[in-house]
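Below are the chains, spelled out letter by letter.
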Amino acid sequence: MDTIPRLKLFIWKCAKDIICSKKSMNKRIPQETIMCCRCKIHTETTLHIILECPLEKAVWFGAGYIIPNELWNNPKDWISKWIMESDRYLIAKMATTCWYLWKERCNAVYDNKFSSPQQSLHCINSFLNDMSLVTKPSTQLTRNVAIPKWLPPDLYFVKVNTDVSFCHLTSTRGYGLIFRNFGGAHVASRSVVFKGPAGAEYLECLAVLESIKMASELKFQKIVIETDYLSLVQAIQRKDAYIPWEHRGLVEDILFLLESFVSWSCTHVDRLANKCADELAKFSRKVSQTHG
């Protein structure tokens, strides 16, 4: 399993059914209730925490996992099934999802903090993206690690970088777009604030869609799109990617609009090389322009 040791240990504890669910704790210390603190409907067991709770099912659905109809007697049977039948990436994704569902449960119990499925999916995808960078074979590592930098596009191309920013305290979200030419010169930019319950993945998709619309308005013919949302890049490249179902319509719109360009490409960029778009996204929450 290509992931951190702490997560491996957690999956082992789940398989052994020894994590601190209310049902297991009630065997040692009587609890006021053994009902799930999130759905408040079912008994909180290990399987309920990582799979069967209605709120957790929404996260699994958004991650692209279809929960089978069969009933599981214990978590070991379910975990063994997807470990035996999945590839390395999917195993890491399944394990990470279980771990974050457990963390969300702990936040609800001990801190009275509740997250939406969209927020959970964003955390899961961000963690997987970070892990993909640190779990590469050691042969790919060099002694002198170069700091990622923004690179200009090829001759006659225009590159657009996009990023998002959000503040949970004020419930404001925004995104930033910046266009630069093959000489690295600034061509155009935009900051947009979005007031509403939209998740980070939705805004990432929306930012790319709006950048393509803006490129069309500016009559650019050859564009390069850079974003740090890896799953979106893979979806645009028509590769297997886990995009929440409610955002797939935006991806289809993106692909449709890209057909009008003479040439285009979409690539993933490291956050360190996406600083300008990041600063615009942060600034967007301070400007008056509103979208939505």
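The preceding data block contains the structure.
Conventions used here
- Residues numbered from 1 in each chain as written.
- Predicted model: local features only at pLDDT ≥ 70, side-chain atom pairs only at ≥ 80, totals over all residues.
- Heavy atoms only, no water.
- Helix = DSSP H or I, 4+ residues; strand = E, 2+ residues; numbered from the N terminus.
- Buried < 20%, exposed > 50% of the residue type's maximum accessible area, 1.4 Å probe, protein only.
- Areas by Shrake-Rupley, 256 points an atom, 1.4 Å probe, with all protein chains shown as cover.
- Lys, Arg positive; Asp, Glu negative; His and termini not counted.
- Charge placed at Lys NZ, Arg CZ, Asp CG, Glu CD.
- Arc of directions from axis to C-beta.
- Contact = heavy atoms within 4.5 Å.
- Phe/Tyr/Trp six-rings, centres within 6.5 Å; stacked < 30°, edge-to-face > 60°.
- Lys NZ or Arg CZ within 6 Å of the ring centre and 35° of its normal.
- Pairing = 2+ DSSP bridges.
- Axes fitted to C-alpha atoms, helices over the stretch in contact; angles between N-to-C directions.
- Salt bridge = Lys/Arg side-chain N within 4 Å of Asp/Glu carboxyl O.

1. Observations concerning the overall build of the protein chain
Consideration 1: Counting its secondary structure elements, the protein chain contains 11 helices and five strands.
Consideration 2: Expressed as lengths along the three principal axes of its C-alpha atoms, the size of the protein chain is roughly 70 × 45 × 35 Å.
Consideration 3: Of all 292 residues assigned to the protein chain, the portion counted as buried reaches 45%.
Consideration 4: Carbon and sulfur atoms form 55% of the exposed surface of the protein chain, whose accessible area is close to 16100 Å².
Consideration 5: Separation of charge centres in the protein chain, based on 37 positive and 29 negative side chains, amounts to 5 Å.

2. What to know about helix α11 (residues 275–284)
Consideration 1: Taken together, the buried positions of α11 are Ala277, Asp278, Leu280, Ala281 and Ser284. The buried residues of α11 occupy one face: seen down the axis, they fall within an arc of 165°.
Consideration 2: Buried residues along α11 sit in contact with β1 (158–167), β2 (172–181) and β3 (186–195).

3. Examining the packing of aromatic side chains
Both the distance between ring centres and the angle between the ring planes are used here to describe each pair of aromatic rings.
Consideration 1: Considering all chains together, one arrives at nine aromatic pairs under this definition.
Consideration 2: Relative to Phe182, the ring of Tyr156 lies with its centre 5.8 Å away and its plane at 70°, an arrangement referred to as edge-to-face. Taken together, the positions of Tyr156 in the loop between α7 (117–134) and β1 and Phe182 in the loop between β2 and β3 put the pair 26 residues apart, joining distant regions of the chain.
Consideration 3: With relative accessibility at 38%, the residue Phe182 sits in the partly exposed group.
Consideration 4: Where Phe179 meets Phe220, the ring centres are 5.7 Å apart and the plane angle is 45°; that geometry is what we call tilted. Here Phe179 is found in strand β2, whereas its partner Phe220 is found in the loop between α8 (200–217) and β4 (222–227), with 41 residues between them in sequence. Comparing Phe179 with Phe220, the two get one shared label, buried.
Consideration 5: Between the NZ or CZ atom of Lys103 and the centre of the ring of Trp99, over which it lies, the distance is 4.7 Å.
Consideration 6: One Lys or Arg, Lys103, reaches over the ring of Tyr100 and ends 4.6 Å from the middle of that ring.

4. Considering the sheet that holds β1
Consideration 1: Pairing within the open sheet is mixed, and its five strands lie in the order β3-β2-β1-β4-β5. The open sheet has two free edges, formed respectively by β3 and β5 (263–268), since each of these has just one partner strand. Within the sheet, the average angular offset between the axes of one strand and its neighbour, ignoring direction, is 15°.
Consideration 2: Bridge count between β4 and β5: six bridges; the pairing is parallel. Counted as the bridge partner of Val224 is Ser265 from β5.
Consideration 3: Each of β1, β2 and β3 touches α11; the most contacted strand, β2, lies at about 145° to it.

5. Some points on the pattern of salt bridges
Consideration 1: Considering all chains together, one arrives at six salt bridges under this definition.
Consideration 2: Note that Lys81 and Glu85 form a salt bridge whose closest N and O atoms lie 3.2 Å from each other. Of the two residues, Lys81 and Glu85 are both situated in helix α5 (residues 75–85); the distance of four residues between them amounts to about one turn of the helix.
Consideration 3: We note a salt bridge from Glu226 to Lys159, for which the minimum N-O separation is 2.9 Å. Taken together, the positions of Glu226 in strand β4 and Lys159 in strand β1 put the pair 67 residues apart, joining distant regions of the chain. The same class applies to Glu226 and to Lys159, which are both buried.

6. What about the pairing of β3?
Consideration 1: Here β2 runs beside β3; their pairing, made up of nine bridges, is antiparallel. Within β3, the residue paired with Gly176 across the bridge is Ser191.
Consideration 2: Counting the residues between successive antiparallel strands, the hairpin from β2 to β3 contains four residues, one of them, Gly184, with a positive phi of roughly 85°.

7. Considering unusual backbone geometry
Consideration 1: A positive phi angle, near 65°, is found at Lys219, a position not held by glycine.
Consideration 2: Counting through the fold element by element, Lys219 comes out in the loop between α8 and β4.
Consideration 3: We classify Lys219 as exposed; its relative accessible area is 67%.
Consideration 4: Non-glycine residue Arg238 carries a positive phi angle of around 60°.
Consideration 5: Along the chain, Arg238 falls in the loop between α9 (230–236) and α10 (248–258).
Consideration 6: A residue is classified by how much of its surface remains accessible, and Arg238, at 64% relative accessible area, is exposed.

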